[in-house]
Amino acid sequence: MKKVLLASTVLAMTATVAAADVTVSGSARMGVAYNSEAVNKLGFTSRVRVAFGLSGETDTGLAFGASIRADNSGAGNNGVARATPAPGTGSGDVNGAGNQAAGSVFVSGAFGKLSMGDVDGAAELVTGDLAGVGLTGLGDLNESAFLSNTDAVRRSAARYEYSTGGLTFAVSADNPQNDAAALENVYSIGVKYSVDAYAFGLGYETSDVNGVSVDHIIASGEATFSGITLKAVYGEADDFGGIAGNDFTQYGISAKYSMDALSVTAFHRVAETGVRKDKFTGIGASYALGGGASVVGGLVDVNYGLGGPVDQTRADLGLSFSF
Amino acid sequence: MKKVLLASTVLAMTATVAAADVTVSGSARMGVAYNSEAVNKLGFTSRVRVAFGLSGETDTGLAFGASIRADNSGAGNNGVARATPAPGTGSGDVNGAGNQAAGSVFVSGAFGKLSMGDVDGAAELVTGDLAGVGLTGLGDLNESAFLSNTDAVRRSAARYEYSTGGLTFAVSADNPQNDAAALENVYSIGVKYSVDAYAFGLGYETSDVNGVSVDHIIASGEATFSGITLKAVYGEADDFGGIAGNDFTQYGISAKYSMDALSVTAFHRVAETGVRKDKFTGIGASYALGGGASVVGGLVDVNYGLGGPVDQTRADLGLSFSF
Amino acid sequence: MKKVLLASTVLAMTATVAAADVTVSGSARMGVAYNSEAVNKLGFTSRVRVAFGLSGETDTGLAFGASIRADNSGAGNNGVARATPAPGTGSGDVNGAGNQAAGSVFVSGAFGKLSMGDVDGAAELVTGDLAGVGLTGLGDLNESAFLSNTDAVRRSAARYEYSTGGLTFAVSADNPQNDAAALENVYSIGVKYSVDAYAFGLGYETSDVNGVSVDHIIASGEATFSGITLKAVYGEADDFGGIAGNDFTQYGISAKYSMDALSVTAFHRVAETGVRKDKFTGIGASYALGGGASVVGGLVDVNYGLGGPVDQTRADLGLSFSF
């Protein structure tokens, strides 16, 4: 996303003091979307977003910053300390704990980088997602499932990462002051190694769901050659959702080919437990028109369901803009 | 509204590449408001708004852009593709359909202009509203009623317009993936002709309300001479609200006189069905103080009601600012 | 908070016309918070905020402006005139009255300054709060209680202030078009005198709560010497909360010591009625790292309760950033 520098940058050029900066950028899209299982199969879709990037540097050279969007700025403000409970209302107060904080804040230096807010867990950071398709993401079905930083917890989450050479190491934890007693002790650790055109990631997560300990291990591999990036992921969790014996497996592969203004993407992903198997297959393309505009479209086939599989086709096509 | 150009513009001046831009502008007002029918007749009123304008240009010279305000940025983000329904929850998913999207997105070129989001229908575009009065709009009772792009539908709506010489032609449709089965097939077409100091607009709309087809035709005429702009509108709809035989007529006239810093506005508007007749009369004035500030005031008399007419007087007075 | 000037300022430098300006600034924080009475005592806390400052000047030299944040911009837009009630729905409409307006708008000149929106009452303006502690404010228990501009009323509130020499005089009123009939006629008056290193404030407020008139008088004194600022406040209200005979007393003292990058703050505050006495004691420190970053921490001891005192300890520690 193209960052638009505010004049503070210009002013800072002539100043000798360290200056904090605010940048404003935006994105928008417009098009049509199709869903084979909807009553009215074809619809319009459009969206406008404005994002703020905040950055600064301390006198000793530590970098710090934060990001938030206009649309979720309300949640971004939620990590505020709660008022002391009225007399007699007792211990319900969780005191300064994040309350579904959106956006994120970080500080970084030679020690690494510490981030808080709505930050991905360590396992998600190092393995990432398969390449996605479509103007709207079409349900983001290329994305892996993780235990960390889900909407079920009270954010903010925290993550520390350290990179040296091609190696990245990360640990993360969800907010221990989580209101949802059903979900506790969410921790993750991950390591990533990148060399030339290859990257490998390995992550581990654990959480307590209704008192049942759930573990998740996930690995990814990525290779880029001749304009093509191939990626594969494989993950396994036991007692998924806190249900004893409910083992969960997810795996998939994606390919992205870029040449000049064109990029073509495809993915196939499977998520299964003992009683069901969901399959997602997507293909899409994007063509850059210059100036931040692209024509983007995609198609996803979804095959899922408990009582016999349901087949759903989703597709979209339109223009994507970044400002 | 005065647009404030961010430094990206300044930076772009020295760059040779096409650049996307973000502008931030604002408006505010403060004053008092009166309502003859309220328990406490006199009150304070104030408001602050921040608006974002996003614009860019493709390599081939297509212009594109979007606009959103900080206060409705949450809705502006709503045109997102919805998640795939969980297995077994069936076909309720409408997939990428706008969800009361605020703001709008457009692309334009020699082919005309295509807009999506919270965009007025074609009939509203070409006929517009009578001139309004007051610091707060005083209920915006100068505005005509339309079938297109109402809050009852799932936005985004879409509109195409093409202008050549003094002629503007427009067509529009509400989102066909509308959740409200009570309101379907909302389409509109309009044409406008402007020549010298005159403008004429003619629009037609249709929608299905609970299965009853409702049609609306509306015309407007405008003339400007000696600093005075006169405008008249007349519209007729049959089976209004989906009620068979409930014919609806709206008509009105407005005058706006501008001289130097002063402008004075008046309107009279009638909206009637077989069983009731609502009359709205307004008068107001604005005096520019320079720098984006104005003193603005207005008074509206409202006469409406089913069981005998109710007379209501509303008025306001205060300062209006644009930044 | 550091203001980031947009390029309009730069452009205005070369222009001869008065220009309105928009500035964007931000703040963020990240850290940990502790509450001795919570189930999970230690938690993460983070927050990101973006603020907009709007300013301009009329041709005759009146200054005007407004401020709002991204996160409460929705409420900032709420001072809009309400729609005329549908026929038969009667007099409930309060017409243009502020509806919990956030942000504020002002105009100022030789006559003084008039502000509207979410503005502190006159008594709060002249007496202020004791110095606070902590990254998150830890419940803002250093803050005095006031009758004006509470969340129970329909904003906007209005305040006028005039300063000459070291003397400031202020009057304020809550919105008379308040929906909450339980709270009416909220007025305040205050005077402040500052000379050299001393400041004294005296404020009076009155409101009708469920028809019972409540009066509040509050005084403050402040002295700065050798890098230390001492402040004391004392306030008394009778029939607090509209309960006859329920006299309320609040008093406290704070000290803030600043030397180079370090500042240390402590406060003690008591709020009591005939049946209870709540005591709040806080200590905190802040160390500036340059560039808008600080390390900030605090600890508050809360002793309160009807049926025997409850002791609660709250603390936090982390990084605070301004952009």
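You'll find the structure just up there.
Residues numbered from 1 in each chain as written. Chains lettered and ligands numbered in written order. Predicted model: local features only at pLDDT ≥ 70, side-chain atom pairs only at ≥ 80, totals over all residues. Heavy atoms only, no water.

## Describing the overall build of chain A
- Within chain A one finds three helices and 17 strands.
- Looking at chain A residue by residue over its 323 residues, the buried ones come to 50%.
- Long-range pairs, those at least 24 residues apart, make up 49% of the contacts in chain A with a sequence separation of at least 6. (Helix = DSSP H or I, 4+ residues; strand = E, 2+ residues; numbered from the N terminus. Buried < 20%, exposed > 50% of the residue type's maximum accessible area, 1.4 Å probe, protein only. Contact = heavy atoms within 4.5 Å.)

## Observations regarding the nonpolar core
- A:F52, A:F321, B:F52, B:F321, C:F52 and C:F321 are the most contacted members of the largest nonpolar core, which has 72 residues in total.
- Sequence-distant contacts of A:F52, that is, excluding residues within four places in its chain, are made with A:T23, A:V24, A:A66, A:S67, A:I68, A:R69, A:A70, B:F52, C:V50, C:F52 and C:A70. (Core = buried A, V, L, I, M, F, W, Y, C linked by side-chain atoms within 4.5 Å.)

## Let's talk about unusual backbone geometry
All names here are of chain C.
- Located in the positive-phi region is N210, a residue other than glycine, with phi close to 50°.
- Mapped onto the elements, N210 comes out in the loop between β10 (198-209) and β11 (212-225).
- Notably, S226 is not glycine yet its phi reads approximately 50°, a positive angle.

## Some thoughts on the packing of aromatic side chains
- Within the structure shown, the criterion is met by 18 aromatic pairs over all chains.
- For the pair B:F321 and B:F323, a centre-to-centre distance of 6.3 Å together with 55° between the ring planes defines the contact as tilted.
- Taken together, A:F52, B:F52 and C:F52 form an aromatic cluster joined through their ring pairs.
- The side chain of B:K113 reaches across the aromatic face of B:F106, ending 4.7 Å from its centre. (Phe/Tyr/Trp six-rings, centres within 6.5 Å; stacked < 30°, edge-to-face > 60°. Lys NZ or Arg CZ within 6 Å of the ring centre and 35° of its normal.)

## What about the environment of A:V48?
- Relative to the assigned elements, A:V48 resides in strand β3 (residues 42-57).
- A sequence separation of 20 residues divides A:V48 from A:A28, and the C-alpha atoms of the two residues are 4.4 Å apart.
- Among all residues touching A:V48, those that are not within four sequence positions of it are A:S27, A:A28, B:L54, B:A66, B:S67, B:I68, B:G76, B:N77, B:S104 and B:V105.

## Comments concerning the pairing of strand β8 (residues 183-195) of chain B
Residues and elements named next belong to chain B.
- Note: strand β7 (residues 167-173) against β8, seven bridges, orientation antiparallel. Bridge pairing in β8 links A173 to Y187.
- With eleven bridges joining them, β8 and strand β9 (residues 198-209) adopt antiparallel strand pairing. Its bridge partner lying in β9, S194 is registered against A199.
- Where β8 folds back on β9, the antiparallel hairpin that results is connected by two residues, among which D196 adopts a positive phi of roughly 50°. (Pairing = 2+ DSSP bridges.)

## Topic: the environment of A:Y304
All names here are of chain A.
- With respect to the element layout, Y304 can be found in strand β16 (residues 293-304).
- Classification of Y304 as buried rests on a relative accessible area of 5%.
- Once the C-alpha coordinates of Y304 and A102 are considered, the two residues, 202 residues apart in sequence, prove to be 31 Å apart.

## Describing the pattern of salt bridges
- Applying the stated rule across the entire model yields 15 salt bridges over all chains.
- Where A:R159 meets A:E161, a salt bridge forms, and the shortest distance between an N and an O atom there is 3.0 Å.
- You can call A:E161 buried: its relative accessible area is 14%.
- For C:D118, the salt bridge goes to C:R155, with nearest N and O atoms at 3.2 Å. Of this pair, C:D118 sits in the loop between β6 (112-117) and α3 (122-127) while C:R155 sits in the loop between α3 and β7 (157-164), and the two are 37 residues apart along the sequence.
- Among the residues examined, C:D118 registers a relative accessible area of 36% and is labelled partly exposed.
- Using a relative accessible area of 8% as the deciding quantity, one classes C:R155 as buried. (Salt bridge = Lys/Arg side-chain N within 4 Å of Asp/Glu carboxyl O.)

## Regarding the environment of C:F146
- Along the chain, the position of C:F146 falls in the loop between α3 and β7.
- Setting aside residues up to four positions removed in sequence, C:F146 forms contacts with C:A123, C:E124, C:T127, C:G128, C:D129, C:E205, C:H216 and C:I218.

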